[in-house]
Amino acid sequence: MKKKGNVWAKALTLGMLAGLAGCSAPSVDDKVVQGLHKLDAQAEYAMDVDWELNTKTDWKNDNDAQKTLVWKSGGAIYEYDRFFMDDGLEKAEIMKTVDHDTTILTLVPDGKGDTVVESVMKASHLDEPFLRPLLERLLFPLDLDAQGNITIPSMFRRDDFNTEFRLVLTELTSFANAYADEFRQRHLDPGDPELTWGPYHMIYDFKTEKDRFAQIDIDEESAGRLGTREFHINQKGTVTFPVFTMTSSQKRTVEALFARPVQKGDRVELKVLG
């Protein structure tokens, strides 16, 4: 997203006021803001991503499914992600954010039913940690303007079907010029070679129920060059929001990981979480 920082509360409020003003039906832009507002107001939520395609030619292939749980507890925000490949757990990431400081634990299966800490990382000023999993999936069609309002770039066409609506990228070249930084943020590491990138298509289909996001279908395809290497990325999948089923005991199991020093190689039992 173009603008960083903790401005979502202001943006959501302004968007809601705009959408509710007058008697006219909310626009597609208003519906996106309303969906984010509803989600942000919750104490917890679950989000699943199932990929029909998630291929990266001349690149590391990504997971084919992701299950995410996010909750607020005692002034902290916790996120528990599990990434699957061929129906098996590939890795898990657990995050705790307090104020602007985030600790990220990456866990990998040890082959004996438990997981081992692969890395412990620190991050600061992570953009909107509670909404982060969804915002990461909608990195390209959502933007923040200079006043802190949530906007959808004008390069996307809006198709409105009441409780269902669609965003379709129509201006490929100008979008590529403007959003290369967003692509680098999602896919690259600092120090990677010079990037040349452009999208083939980007389509996002939203389904809502009572102004809440029920399903988002994502279809993104792009290609480019990283240094001397050519690459092709094709991601087509579905985001859903199932019932949050984590118990209080399971939450405490995760939260307890951050109550003691954790380092690479430590064994972690998370079988209780499924």
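Structure's up top.
Residues numbered from 1 in each chain as written. Predicted model: local features only at pLDDT ≥ 70, side-chain atom pairs only at ≥ 80, totals over all residues. Heavy atoms only, no water.

A. Representation of the overall build of the protein in the model. Counting its regular elements, the protein contains five helices and 14 strands. Looking at the protein as a whole, 46% of its 274 residues are labelled buried. The long-range share in the protein, meaning contacts at least 24 apart out of those at least 6 apart in sequence, stands at 55%. Total accessible area on the protein is roughly 13700 Å²; 50% of this is exposed by carbon and sulfur atoms. (Helix = DSSP H or I, 4+ residues; strand = E, 2+ residues; numbered from the N terminus. Buried < 20%, exposed > 50% of the residue type's maximum accessible area, 1.4 Å probe, protein only. Contact = heavy atoms within 4.5 Å. Areas by Shrake-Rupley, 256 points an atom, 1.4 Å probe, with all protein chains shown as cover.)

B. Structural detail: helix α5 (residues 248-255). Of all the residues in α5, the buried ones are Q250, K251, V254 and E255. Taken down its axis, α5 places every buried residue within 140 degrees of arc, on the same side. (Arc of directions from axis to C-beta.)

C. Up close: the packing of aromatic side chains. Applying the stated criterion to the full structure yields 14 aromatic pairs. Residues Y45 and F130 carry aromatic rings whose centres are separated by 5.1 Å and whose planes lie at 85 degrees to one another, so their mutual orientation is edge-to-face. Taken as a pair, Y45 in strand β1 (residues 44-57) and F130 in the loop between β6 (115-124) and α3 (132-137) lie far apart in primary sequence, 85 residues in all. Judged by relative accessible area, which is 3%, Y45 ranks as buried. Accessibility expressed as a relative area gives 2% for F130, which makes it buried. Ring geometry for F156 against F175: centres 5.5 Å apart, planes inclined by 90 degrees, an arrangement best described as edge-to-face. Here F156, found in strand β9 (residues 156-161), pairs with F175, found in helix α4 (residues 172-187); they are 19 residues apart in sequence, far enough to count as distant. F175 carries the same exposure label as F156, and that label is buried. (Phe/Tyr/Trp six-rings, centres within 6.5 Å; stacked < 30°, edge-to-face > 60°.)

D. Main features of the nonpolar core. The biggest cluster of nonpolar side chains holds 41 residues, and the ones touching the most others in it are F175 and Y204. Those elements that provide at least two residues to this core are α2 (28-40), β1, α3, β10 (164-169), α4, β11 (195-209), β12 (212-226) and β13 (229-240). Counting 19 residues, the second largest nonpolar core, distinct from the first, contains A46, L107, L257 and V268. (Core = buried A, V, L, I, M, F, W, Y, C linked by side-chain atoms within 4.5 Å.)

E. Summary view of the pattern of salt bridges. Enumeration according to the criterion identifies 12 salt bridges in this entry. Where K31 meets D160, a salt bridge forms, and the shortest distance between an N and an O atom there is 2.6 Å. One end of the pair, K31, is in helix α2; the other, D160, is in strand β9, with 129 residues separating them in the sequence. Residue classification places K31 among the buried positions, given a relative accessible area of 10%. Taken together, the salt bridges that share partners define one network made up of E79, D81, R132 and E136. (Salt bridge = Lys/Arg side-chain N within 4 Å of Asp/Glu carboxyl O.)

F. Spotlight on the environment of E118. Positionally, E118 belongs in strand β6. Linking E118 and K91, residues 27 residues apart in sequence, is a C-alpha distance of 9.2 Å.

G. Spatial organisation of the environment of W71. Note on placement: W71 falls in strand β2 (residues 65-73). You can call W71 buried: its relative accessible area is 0%. In this structure, the C-alpha to C-alpha distance between W71 and Y45, residues 26 residues apart in sequence, is 6.6 Å. If near-sequence neighbours (up to four positions away) are discounted, W71 is found in contact with A43, E44, A76, I77, Y78, Y80, F130, F244, M246, K251, V254 and E255. A distance of 2.9 Å separates a polar atom in the side chain of W71 from a polar atom in the side chain of E255. (Polar contact = N/O pair within 3.5 Å; in protein donor to acceptor, adjacent residues only side chain to side chain.)

H. Molecular detail of the pairing of strand β4 (residues 88-98). Bridging between strand β3 (residues 76-85) and β4 involves 10 bridges; their strand directions are antiparallel. Among the inter-strand pairings, I77 is bridged to a residue of β4, identified as T97. Hairpin remark: β3 followed by β4, antiparallel, with two residues in the connecting loop; positive phi at D86, about 55 degrees. The sheet contact formed by β4 and strand β5 (residues 101-109) spans seven bridges and is antiparallel. Paired with V98 across the bridge in β5 is D101. Remark: two residues form the turn of the hairpin made by β4 and β5, two consecutive strands paired antiparallel; D99 in that turn has positive phi of roughly 55 degrees. (Pairing = 2+ DSSP bridges.)

I. The arrangement of the side chain of N54 in detail. Structurally, N54 is set in strand β1. Using a relative accessible area of 8% as the deciding quantity, one classes N54 as buried. In terms of polar contacts, N54 uses its side chain to reach the side chain of Q235, at 2.9 Å.

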